[in-house]
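Each chain, letter by letter, is given below.
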Amino acid sequence: MPHYFIWTIGCQMNKAESQQIAGYLDSAGYQAAASFSNADLVVLNTCVVRQSAENKVLGTLGLLKGLKNTHPDLQILVTGCLVDSDSQELQRRFPHVDLLFKPGDYPELIDWGHKQGMPIDQKLPRYPRNDGWMAPSPCALIPIIQGCDNFCSYCIVPYRRGREVSRPVGEIVCEVTELARRGIKEVTLLGQNVDSYGHDLPGHPDLADLLRELSSIDDLARIRFLTNHPKDMSLKLIEAMASLNKVCEHLELPVQSGDNDILKAMRRGYTVERYRELVHTLRSKIPHVSLSTDIIVGFPGETEEQFEHSLSLVQEMRFDVIHVAAYSPRPGTIAWREYQDNVAAEVKKERLHKIEELQTAIASEINSQLQGKEVEVLVEGKKKGKWFGRARSNKLVFFEDAGDWLGQLARIQIEKTSPWSLKGQVKNN
Ligand code: SAM
Ligand code: SF4
């Protein structure tokens, strides 16, 4: 039986798409391999959001060139955000690659597979067997809207993933119903901007409407979604979150900067004041809502004072989690064309560390308040003898117990906290 290996980096959308590709390969009779060296077919699912990710992709492509020299029958497929519309240029650079296909372009993959004599089942997507590269899990990632119409000045994603296309409500409901029937307890709905969901569909259903439909699926316990855009998040959505029990109290709401001039140059479409107001509304309607954000430091022209504005917003907002990144110029983007990357690398690094240091102290304080409290954890697996899973707030929780907890909802009393995770004991009767 032929074997495949899928290498994935980048966002949750890439992870979801790799699961779908695994589903197609499973349907063609392939089996998951443990590494590149045991595979007959390799898929690289790539990310080029920052230069550091692109470097990893290029390094792996180099490694595979060596592997193909010794195993000429190895088939190499490349997808993800490395693949742009000029795939001929990429093909010239990487002649050892057998197929380049744009993110989510499954017809291209299926067509290529059929030409190779692979009996890929086109109707079967999304449900890879849980016995290979994917550990069994009660959680599933569900793309609901592809692409992005926003063109933030620093971001390559709209150029690689194209314009927004929403999946119909009925199709998503059918898929989640089937997954719940197969034992999935939690779904995370994915999009670059989930607040845009549905604007291109007949009748313009929105994310709040979709959440209501999904909430009525009996076997499903929890619903999450990401990423929200502060310029588009509506009161209707916040009220739906507050009223629907299955929707978890956690949001990814990237602010990117605490300075209005930088936000304008980033073309984010909101001000710090609008962001603050939104967080205030969220916290008043959804008590204990946990908030994650993204921040870019060292955007072109960012002065010390403008960086201080980001630092004081972090101090004021008290986020649960921050993903901080140093600005990385991406060829073809508006910022790359119009601005000089003029903040020195050491200054970017210093600013990144300052945000991380402040956030570690804040997360430590926030999490320490959970000491002695009970949280509901959906158990996703076992690591080094300890069960682990996520609380509704998305906090990672570990506990030890002799029972079989995989896929169960456990009530855990928190005994130990750190800025990154919690540890406790089972309280279920
Ligand atoms: N759609 C989401 C949003 O509106 O923020 C996030 C998608 S983006 C691919 C993920 C994160 O990567 C962004 O939030 C941003 O912080 C970071 N990012 C994107 N482009 C970047 C760049 N050129 N340099 C540094 N970080 C970048
Ligand atoms: Fe990139 Fe902005 Fe779209 Fe997010 S909203 S994917 S940061 S362009």
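Predicted model only: the values in this text are computed from it and were never measured.

1. Overview of the pattern of salt bridges
Working step 1: What the rule picks out here adds up to 26 salt bridges.
Working step 2: Residue Glu171 pairs with Arg167 through a salt bridge whose shortest N-O separation is 2.8 Å.
Working step 3: The network of salt bridges with common partners includes Glu186, Arg222, Arg224 and Glu376.

2. What about the pairing of strand 17 (residues 409-417)?
Two faces, one strand: in a regular strand the side chains alternate between the faces of the sheet.
Working step 1: Across five bridges, strand 14 (residues 374-383) lies against strand 17 in antiparallel orientation. Bridging across to strand 17, Leu378 finds its partner in Leu409.
Working step 2: Pairing of strand 17 with strand 18 (residues 421-426), which is carried by five bridges, proceeds in the antiparallel orientation. Along strand 18, the bridge assignment pairs Ile412 with Val426.

3. Observations concerning the site of ligand 1
Working step 1: Within the structure, ligand 1 sits among 16 residues, and Tyr154, Gln192, Gln256, Asp294 and Ser328 are positioned closest to it.
Working step 2: For ligand 1, a nitrogen atom lies 3.3 Å from a polar atom in the side chain of Arg50.
Working step 3: Within the backbone of Tyr154, one N or O atom sits 3.0 Å away from a nitrogen atom of ligand 1.

4. Things to note about the sheet that holds strand 12 (residues 290-297)
Working step 1: Across the sheet, which stays open at both edges, the three strands sit in the order 11-12-13 with parallel pairing between neighbours. Each edge of the sheet is formed by a strand with only one pairing partner; in this case those strands are strand 11 (250-252) and strand 13 (321-326). Going across the sheet, the axis of each strand differs from the next one's by a mean of 15°, ignoring polarity.
Working step 2: Two elements, strand 11 and strand 12, share three bridges in a ladder whose sense is parallel. When the sheet's bridge partners are listed, His250 is paired in strand 12 with Ser290.
Working step 3: Together, strand 12 and strand 13 form the strand contacts of helix 13 (residues 345-368), whose direction differs from that of strand 13 by roughly 175°.

5. A few points about the side chain of Asp195
Working step 1: Within the element layout of this structure, Asp195 appears in the loop between strand 9 (186-190) and helix 7 (207-215).
Working step 2: It is Arg274 that comes nearest to the buried, bridge-free Asp195 among opposite-charge side chains, at 7.8 Å.
Working step 3: Within the structure, the side chain of Asp195 is placed 2.7 Å from the backbone nitrogen of His229, a separation counted as a polar contact.
Working step 4: Apart from residues no more than four positions distant in its own chain, Asp195 is found in contact with Asn228, His229, Asp232, Met233 and Leu237.

6. Quick notes on the site of ligand 2
Working step 1: By nearness alone, every residue bordering ligand 2 is listed as Cys148, Asn150, Phe151, Cys152, Tyr154, Cys155, Val157, Pro158, Gln192, His229 and Arg268.
Working step 2: In the shell around ligand 2, the residues fall into seven nonpolar, three polar and one charged.

7. A few points about the layout of surface pockets
Working step 1: By volume, the second largest pocket amounts to about 630 Å³.
Working step 2: His288, Val289, Leu370, Ser393 and Lys395 are the residues nearest the centre of the second largest pocket, which is lined by 20 residues in total.
Working step 3: The element contributing the most residues to the lining of the second largest pocket is strand 14, with three residues.
Working step 4: When the residues that make up the lining of the second largest pocket are grouped by side-chain class, the tally is six nonpolar, four polar and ten charged.

Conventions we followed
Residues numbered from 1 in each chain as written. Chains lettered and ligands numbered in written order. Predicted model: local features only at pLDDT ≥ 70, side-chain atom pairs only at ≥ 80, totals over all residues. Heavy atoms only, no water. Salt bridge = Lys/Arg side-chain N within 4 Å of Asp/Glu carboxyl O. Pairing = 2+ DSSP bridges. Helix = DSSP H or I, 4+ residues; strand = E, 2+ residues; numbered from the N terminus. Near = heavy atom within 4 Å. Polar contact = N/O pair within 3.5 Å; in protein donor to acceptor, adjacent residues only side chain to side chain. Axes fitted to C-alpha atoms, helices over the stretch in contact; angles between N-to-C directions. Contact = heavy atoms within 4.5 Å. Buried < 20%, exposed > 50% of the residue type's maximum accessible area, 1.4 Å probe, protein only. Lys, Arg positive; Asp, Glu negative; His and termini not counted. Nonpolar A, V, L, I, M, F, W, Y, C, P; charged D, E, K, R; others polar. 1 Å grid on protein atoms, 1.4 Å probe; cavity = no way out; pocket = protein on both sides within 12 Å on 5 of 7 lines; lining within 4 Å. Points joined across faces, edges and corners; volume = space filled by probe spheres on them.

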